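Architecture at a glance
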Amino acid sequence: MVLDSKGKDLFKYNKEYVLVIDAKPFSLNNYEETLEDLMALNFIMKGENIDFNYTDVMKNKGKLYYKISESTFNKIKRLNNIKGIYTYVYDKVDKKEAWSTSGMLSNIGQNKSVKDSFEDKLYNELKNNESPKKNFYLDDSAVYNHEEVDIKKENKNLKLTIDKELDDKVRNVLSKEEFSKYKNVGVILLESNTGKIRSMVQKDESYANINLGIEGQGFEPGSIFKLVTYATALEKAILSPQNTYVCTGAVCKSAHGRLTVNDALTISCNDIFGIIGNEIGYQSMVDYCKRLGLYDRVLNLQTENKNETLGVMPKEDDGMNNFAIGQCMTVSPLQIIGAVNAVINNGIYVKPYLVSEIIDSNEKTLKEFKTTSEKIFSKTTSEIVRDGMKDVVKKGTGVQAKIEGIEIGGKTGSSTSSDYTTHSWFLGTFNINGSTHTMLVFIPNLKSEKGEEVGGGNTAAPIFREIVKEINKK
Ligand SMILES: [Zn+2]
């Protein structure tokens, strides 16, 4: 089982109903005693399979299994005089959920894991697990009537950092009519100071997991990366937030003129961040990025055909103008939220993690997983960037994430994918029960509608806002 932080089962199941006829005891049915029930069985089962005939079944050997509907199941259950038959229900994991976090972790062992990956580690812990079994016993008169569920006591379960309630709230928002035009959306919610992934969902879980950039190279983060550039420049004492720079419109569509760094962040000026990037320099920027977990696997999930992306680091030739504004690179949503969370979390990078414990059937902890952390930026740097993020939502590109009475800081991002569609991002921070959280909303491959340019500000930010509202609903 894969459980959330409160011990709730994270799977979605479909009920499957089965009728089993054990031919030998079934052939012992006495016509006088059970004819009526046998005729009823015949009639009910013909609804499932027109060729069903109990006299034919009696000529068989061994057990015969019939997948039946719920209504057939309920009717057959009432036929309790017939010898040699029984029914059972089992929970089949919804295959549509294959790429959800719990779905992926439930498949451990089905794909060959890469040595020393986290998946390999989990496999070694769980490989002796057995599937739940149901035992059926024949009584003296050959009627099956005793059913017992026997789940192996020694089975180990995975406990995740996920809170199912939060997952469900995010899913509620993503399935709203107003967002029906988005085929897929990825959302990750982190508890800032612990690195616990409290929610990680995508609108369509049948897609290869976009939050982890599975089976791909990740996505260009665009302007949400400016938060990393800003923090790095502050940390290296290249600037203070009141410093001004001039946007000549070299990269921006129109010249923004002279702005403070804080205002450049608020309106997301590319020219000014390009200048700042050049002042930081390539090697310094790369060093900070690596310490922030970029271009490396966060969860280290690796199997033969299911790899979390490494991302792609910009080359020196790509130029700091591009690097500083999140271009010429790719990241997974999980990588970039981890990196920016360090800026938000008083400068401390905490590697996001998903599996907190392996527990036994009595919920006793057998193994606990710890994450790593490293101080990257000063508290002052963190405070300055957080203030800048508040301005983005108050009066900048992120106004559509604003909610009266709730303090939200954030940053928008838009980037162009290889097929000329837009990736939209909104990365922000807010409190849940007094504790700081960081959340990322990501919409891949958006097509621009006529007359309206799509970007993080008018697509991902409203979803962010609605999720915060949903979480705050009592
Ligand atoms: Zn500009």
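Residues numbered from 1 in each chain as written. Predicted model: local features only at pLDDT ≥ 70, side-chain atom pairs only at ≥ 80, totals over all residues.

So, about the overall build of the chain. A count of helices and strands for the chain gives 15 helices and 20 strands. Dimensions of the chain, computed from the C-alpha atoms along their principal axes, are close to 100 × 50 × 45 Å. When each of the 474 residues of the chain is scored for burial, the buried share is 43%. (Helix = DSSP H or I, 4+ residues; strand = E, 2+ residues; numbered from the N terminus. Buried ≥ 20, exposed ≤ 12 C-beta atoms within 10 Å, placed from the backbone.)

Quick look at the sheet that holds strand β16 (residues 365–368) now. Read from one edge of the open sheet, 4 strands run β1-β7-β15-β16, paired in mixed fashion. One side of each edge strand has no neighbouring strand; the edge strands of this open sheet are β1 (2–3) and β16. As defined by bridge partners, β1 adjoins strand β7 (residues 157–160) across 2 bridges and the pair is classed as parallel. Opposite valine 2, over in β7, you have leucine 158 as the bridge partner. (Pairing = 2+ DSSP bridges.)

What the 5 strands build is an open sheet, ordered β9-β8-β20-β19-β18; its pairing is antiparallel. Only two strands of the sheet have a single partner each, and these edge strands are β9 (197–202) and β18 (409–416). On average, each strand axis in the sheet is tilted by 10° relative to the strand beside it, whichever way the strands run. Pairing between strand β8 (residues 186–191) and strand β20 (residues 435–446): 6 bridges, direction antiparallel. Within β20, the residue paired with isoleucine 188 across the bridge is leucine 440. (Axes fitted to C-alpha atoms, helices over the stretch in contact; angles between N-to-C directions.)

We now examine the environment of leucine 427. Tracing the sequence through the fold places leucine 427 in strand β19 (residues 422–432). The buried category is assigned to leucine 427, around which 32 C-beta atoms lie within 10 Å. Here the alpha-carbon distance between leucine 427 and glycine 398, two residues 29 residues apart in the chain, equals 9.7 Å. Once you skip the residues sitting within four places of it in the chain, leucine 427 turns out to touch Ile224, Ile337, Val340, Gly410, Lys411 and Leu440. (Contact = placed C-beta atoms within 7 Å.)

On to the domain arrangement of the chain. The extent of an interface is frequently quoted as the accessible surface area lost upon association of the parts. What the domain assignment lists for the chain is domain 1 (2–155) and domain 2 (162–472). Computed from C-alpha coordinates alone, the two centres of domain 1 and domain 2 are separated by 45 Å. Contacts between the two partners involve 26 residues from domain 1 and, on the opposite side, 25 residues from domain 2. Where the side of domain 1 that touches domain 2 is concerned, the elements lending two or more residues are α5 (101–106) and α6 (118–126). Partitioned by chemical class, the residues of the side of domain 1 that touches domain 2 number 8 nonpolar, 9 polar and 9 charged. (Domains from an automatic or database assignment. Nonpolar A, V, L, I, M, F, W, Y, C, P; charged D, E, K, R; others polar.)

With that settled, the discussion passes to helix α10 (residues 270–280). Burial runs high along α10: 9 of the 11 residues are buried. Listed in full, the buried residues belonging to α10 are Asn270, Asp271, Ile272, Phe273, Gly274, Ile275, Ile276, Gly277 and Ile280. Of the surrounding secondary structure, the elements contacted by the buried residues of α10 are α8 (226–235), β10 (244–247), β11 (257–260), α9 (261–267), α11 (282–291) and α12 (320–323). Directly beyond the C-terminal end of α10, a positive phi value near 90° is found at glycine 281.

Where α8 contacts helix α14 (residues 379–395), the two axes come as close as 9 Å, and the packing angle between them is 145°. Here the hand of the crossing between α8 and α14 comes out right-handed. Each of Leu227, Tyr230, Ala231, Leu234 and Glu235 in α8 lies in contact with α14, whose residues at this interface are Thr381, Ile384, Val385 and Gly388. Class assignment for the residues of the contact of α8 with α14 results in 6 nonpolar, 2 polar and 1 charged. (Left-handed = near helix turned anticlockwise from the far one by under 90°.)

Quick look at the nonpolar core now. In terms of nonpolar packing, the biggest core is built from 97 residues, with Val187, Ile188, Val228, Val340, Val441 and Phe464 touching the most fellow members. The element that contributes the greatest number of residues to this core is helix α13 (residues 333–344), accounting for 8 residues. Of the residues that make up this core, three or more belong to each of domain 1 (2–155) and domain 2 (162–472). Setting aside its immediate chain neighbours within four residues, phenylalanine 464 contacts Ala401, Gly410, Phe426, Gly428, Met439 and Val441. With 13 residues, the next largest nonpolar core counts Leu41, Ile44, Val57 and Ile82 among its residues. (Core = buried A, V, L, I, M, F, W, Y, C linked by C-beta atoms within 7 Å.)

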